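Listed below, chain by chain, are the residues.
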Amino acid sequence: MNPKEVLAFAKEKEIRQFDLRFTDLPGLSQHVSYPISQLTPDSFEEGFGIDGSSIRGWAAINESDMLLVPDAGTAFIDPFGEIRTLVMASDVIDPITRQHYERDPRWIARKAEMYLKNSGLADTAYFGAEAEFFIFDNVRFDQNQHSGFYFIDAEEGRWNSGREENNLGYRPRYKEGYFPVPPTDHYQDLRAEMVETMIRCGIHIECHHHEVATGGQCEIDQRFDTLVKSADNMMLYKYVIRNVANQYGKTVTFMPKPLYGDNGSGMHTHQSLWKDGKALFAGDMYAGLSQMALWYIGGLLKHARALSAIIAPTTNSYKRLVPGYEAPVNLAYSRRNRSAAVRIPMYSASPKAKRVEFRPPDPSSNPYMAFAAMLMAGLDGVLNKIDAGEPLDKDIYDLSPEEIKQVPSMPGSLEEALDCLEDDHSFLLKGDVFTEELIETFINYKRRHEADAIRLRPHPYEFALYYDI
């Protein structure tokens, strides 16, 4: 919709309020609401003033005035509010310069799309992200100077098999939750309602299913779309899933590794480049790929350790990215082999379906920054003709210790990932997509508020290991 159509739609649907959404640096959705009478044709140029000083990773107190300018093309009716409300994503504008705010993640994603078009290599980048999540019934956690704990419970959790009261069995075994039918899959109806709600909000859904872990791990797959639209959809995806679950008395987390001893949640991201309606990744080389696609893979693999700070940006991410377990930490590519960081799906022989799947990302990432950073790494591979090396079609877990040493891997901690980003980020600066100031702000925020904060606190398991030492 354009602004005129949005105003007509609001009148037709008797909208009472409108809600502007934006995203902070770590990737949490924020919002502010107004009576619908405040929305005029000029609003889509002039915007609405907010105080940005308390937004994580944003401006200092002396530069706090910001404008939110609604994007008419993102409008939908909020399916959860009691008062009929129109929701729109918005761009963040500096009121003095009238320029886009460089720490607005959505602007970073838009710049990545512009850089792609200006490069002449392609005019469209498609992204399709598969974000996994857990549905729990209860979660408790606390941390202070003298205590720290978390407690998770889920009716579907295999650990409840020995419970005495109201126990009907039918729970997925650890690492065996892929794909049981109900009643072992407890959440078929809940996911179906999530899907129906997303469809009403304009998201195209391909399928949904239970995932590998017990305790309510699920996946709902969206259809691929252009970079910014896919990131907008991922923010809406999380909003819908959390709120539908909340209506059912459930709670959802996109933490990569909330359960010990079972699979974590990833966000495998499918990517492809197109130009003039033609798929550029289809060819006659390995796995039906083009030379461009292999160079793109070369860029992803070369910069994967730096990318990890953005695509797997939490300390918890590295509880999932552990060598020898379920996550693809090995920096190699392969057709079909899910133990490689880059997989080439072989479901279809159609050139239009040819794509690469990058498997290390997880859903704790900011999708605007994650998709933009992956595109920039891939394009660096194409521009510099980076050799992806030989494919690794063996099962990586069956390699000998000598062979596995030859395969580079993802960082083992957030601290290491941030060091890698600090050392290797020039590819992100091309076209001013990311800025030095933004990367420095991101690294400092993550170090101070997350990496250092975890390092300073005793871990509960340390008491089991060391209390009697």
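The structure displayed is predicted, hence computed values, not measured ones. (Residues numbered from 1 in each chain as written. Predicted model: local features only at pLDDT ≥ 70, side-chain atom pairs only at ≥ 80, totals over all residues. Heavy atoms only, no water.)

Student: Even after reading the chapter, I still don't get the overall build of the protein chain, so can you show me in this structure?
Tutor: For the protein chain, the helix and strand inventory stands at 14 helices and 18 strands. Here the protein chain has a C-alpha radius of gyration of 23 Å; the compact-globule value for 469 residues is 23 Å, and the two agree. With the C-alpha coordinates of the protein chain rotated into their principal frame, the extents come out at 65 × 60 × 45 Å. The proportion of buried residues among the 469 residues of the protein chain is 52%. Restricting the contact set of the protein chain to residue pairs at least 6 apart, pairs at least 24 apart contribute 68%. For the protein chain, the accessible surface area stands at approximately 22,200 Å², while carbon and sulfur atoms represent 50% of it. For the protein chain, the distance from the average site of its 50 positive side-chain charges to the average site of its 68 negative ones is 3 Å. (Helix = DSSP H or I, 4+ residues; strand = E, 2+ residues; numbered from the N terminus. Rg over C-alpha atoms; globule rule 2.2 N^0.38 Å. Buried < 20%, exposed > 50% of the residue type's maximum accessible area, 1.4 Å probe, protein only. Contact = heavy atoms within 4.5 Å. Areas by Shrake-Rupley, 256 points an atom, 1.4 Å probe, with all protein chains shown as cover. Lys, Arg positive; Asp, Glu negative; His and termini not counted. Charge placed at Lys NZ, Arg CZ, Asp CG, Glu CD.)

Student: In this structure, what is going on with a nonpolar patch on the surface? I would like to understand it.
Tutor: A cluster of nonpolar residues, Val139, Phe141, Tyr150 and Tyr260, forms a patch on the protein surface that exposes about 560 Å² of accessible area. Residue position: Val139 is located in strand β8 (residues 138-143). For Val139, a relative accessible area of 37% translates into the label partly exposed. (Patch = residues over 30% accessible without salt bridge, like charges linked within 9 Å, V, L, I, M, F, W, Y side chains within 5 Å. Salt bridge = Lys/Arg side-chain N within 4 Å of Asp/Glu carboxyl O.)

Student: Got a minute to help me understand unusual backbone geometry in this structure?
Tutor: Residues other than glycine predominantly adopt negative phi, and peptide bonds predominantly adopt the trans conformation. The omega torsion of the bond from Tyr178 to Phe179 falls at 0°, within 30 degrees of zero and hence cis. Inspection of the secondary structure puts Phe179 in the loop between β9 (148-153) and α4 (188-200). For the bond running from Pro182 to Pro183, omega is 10°, close enough to zero to count as cis. Note that Pro183 resides in the loop between β9 and α4. The phi torsion at Tyr170 lies on the positive side, around 55°, for a residue other than glycine. Locating Tyr170 in the fold gives a position in the loop between β9 and α4. Judged by its relative accessible area of 53%, Tyr170 falls in the exposed class. A positive phi angle, near 55°, is found at Asp432, a position not held by glycine.

Student: Teacher, can you tell me more about the layout of surface pockets here?
Tutor: Over the atoms a probe the size of a water molecule is rolled, and this reveals where empty space is left. Its volume calculated, the second largest pocket comes out at about 910 Å³. Along the walls of the second largest pocket sit 42 residues, with Glu130, His268, His270, Arg343 and Glu357 positioned nearest its centre. Elements with a minimum of two residues in the lining of the second largest pocket: β7 (124-136), β10 (205-210), β11 (217-222) and β14 (267-275). (1 Å grid on protein atoms, 1.4 Å probe; cavity = no way out; pocket = protein on both sides within 12 Å on 5 of 7 lines; lining within 4 Å. Points joined across faces, edges and corners; volume = space filled by probe spheres on them.)

Student: What's the story with the packing of helix α3 (residues 105-119) against helix α5 (residues 227-247) in this structure? I'm lost.
Tutor: Relative orientation and spacing of two packed helices are given, respectively, by the angle between their axes and the distance between those axes. Between α3 and α5, the least distance of the axes is 8 Å, while the angle of their chain directions is 155°. Viewed along their axes, α3 and α5 adopt a mutual orientation that is roughly antiparallel. Taking contact as the criterion, the partners of Arg106, Ala109, Arg110, Ala112 and Glu113 in α3 are, on α5, Leu227, Val228 and Asp232. Considered class by class, the residues forming the contact of α3 with α5 number 4 nonpolar, no polar and 4 charged. (Axes fitted to C-alpha atoms, helices over the stretch in contact; angles between N-to-C directions. Parallel < 35°, antiparallel > 145°, perpendicular 65-115°, else oblique. Nonpolar A, V, L, I, M, F, W, Y, C, P; charged D, E, K, R; others polar.)

Student: Any chance you could explain the pairing of strand β4 (residues 65-70) here in plain terms?
Tutor: Residues in a regular strand project their side chains so that they alternate between the two faces of the sheet. For β4, the tally of buried residues reaches 5 of 6 residues, placing the bulk of the element in the interior. Strand direction decides the pairing type here: strand β3 (residues 48-51) and β4, joined by 4 bridges, are antiparallel. Bridging from a neighbouring strand, Phe48 pairs with Leu68 of β4. (Pairing = 2+ DSSP bridges.)

Student: Sorry if this is basic, but what is going on with the packing of α4 against α5 here?
Tutor: Running from N to C, α4 and α5 cross one another at 135°; their axes reach a closest spacing of 9 Å. Viewed along their axes, α4 and α5 adopt a mutual orientation that is oblique. For the crossing formed where α4 meets α5, the hand is right-handed. Contact residues: Leu190, Glu193, Met194, Thr197 and Met198 in α4; Tyr237, Val240, Ile241, Val244, Ala245 and Gln247 in α5. (Left-handed = near helix turned anticlockwise from the far one by under 90°.)

Student: Sorry if this is basic, but what is going on with the environment of Ala309 here?
Tutor: Take Ala309: it is sitting in helix α7 (residues 304-311). Note: C-alpha distance between Ala309 and Ala282 (27 residues apart in sequence) is 30 Å. Not counting the four nearest positions on each side in its chain, Ala309 is found in contact with Tyr318, Ala417, Leu418, Leu421 and Phe442.

Student: In this structure, what is going on with the pattern of salt bridges? I would like to understand it.
Tutor: A side chain with one charge can pair with a side chain of the opposite charge if their charged atoms come near. Taken as a whole and assessed by the stated rule, the structure comprises 23 salt bridges. A salt bridge links Asp78 to Arg21; its shortest N-O distance comes to 3.4 Å. Pair noted here: Asp78 is in the loop between β5 (76-77) and β6 (85-93) and Arg21 is in strand β1 (residues 17-23), with a separation of 57 residues, a long-range link. Of the two residues, Asp78 and Arg21, both sit in the buried class.

Student: Before we go on, may I ask you to explain the state of the cysteines in this structure?
Tutor: Put plainly, a disulfide is one covalent bond tying together the sulfur atoms of two cysteines. Under the definition given, this model contains 0 disulfides. Cysteine Cys207 remains unbridged, with the sulfur of Cys218 as its closest cysteine sulfur at 12 Å. We classify Cys207 as partly exposed; its relative accessible area is 32%. (Disulfide = S-S within 2.5 Å.)

Student: Can you help me understand the nonpolar core in this one?
Tutor: Residues Phe133, Met194, Leu273, Ile297, Leu375 and Phe434 are the most contacted members of the largest nonpolar core, which totals 98 residues. With sequence-adjacent residues up to four places away left out, Phe434 is seen in contact with Ile108, Ile310, Met369, Ala372, Ala373, Leu428, Leu429 and Ile439. By size, the runner-up hydrophobic cluster in this structure holds 21 residues, among which are Val6, Leu20, Phe44 and Ile50. (Core = buried A, V, L, I, M, F, W, Y, C linked by side-chain atoms within 4.5 Å.)

Student: Looking at this model, I keep getting lost on the pairing of strand β16 (residues 330-335). Mind explaining?
Tutor: When you tally the buried positions in β16, you get 5 out of 6 residues, the bulk of the element. Bridging between β16 and strand β17 (residues 340-344) involves 4 bridges; their strand directions are parallel. Counted as the bridge partner of Arg335 is Ile344 from β17.

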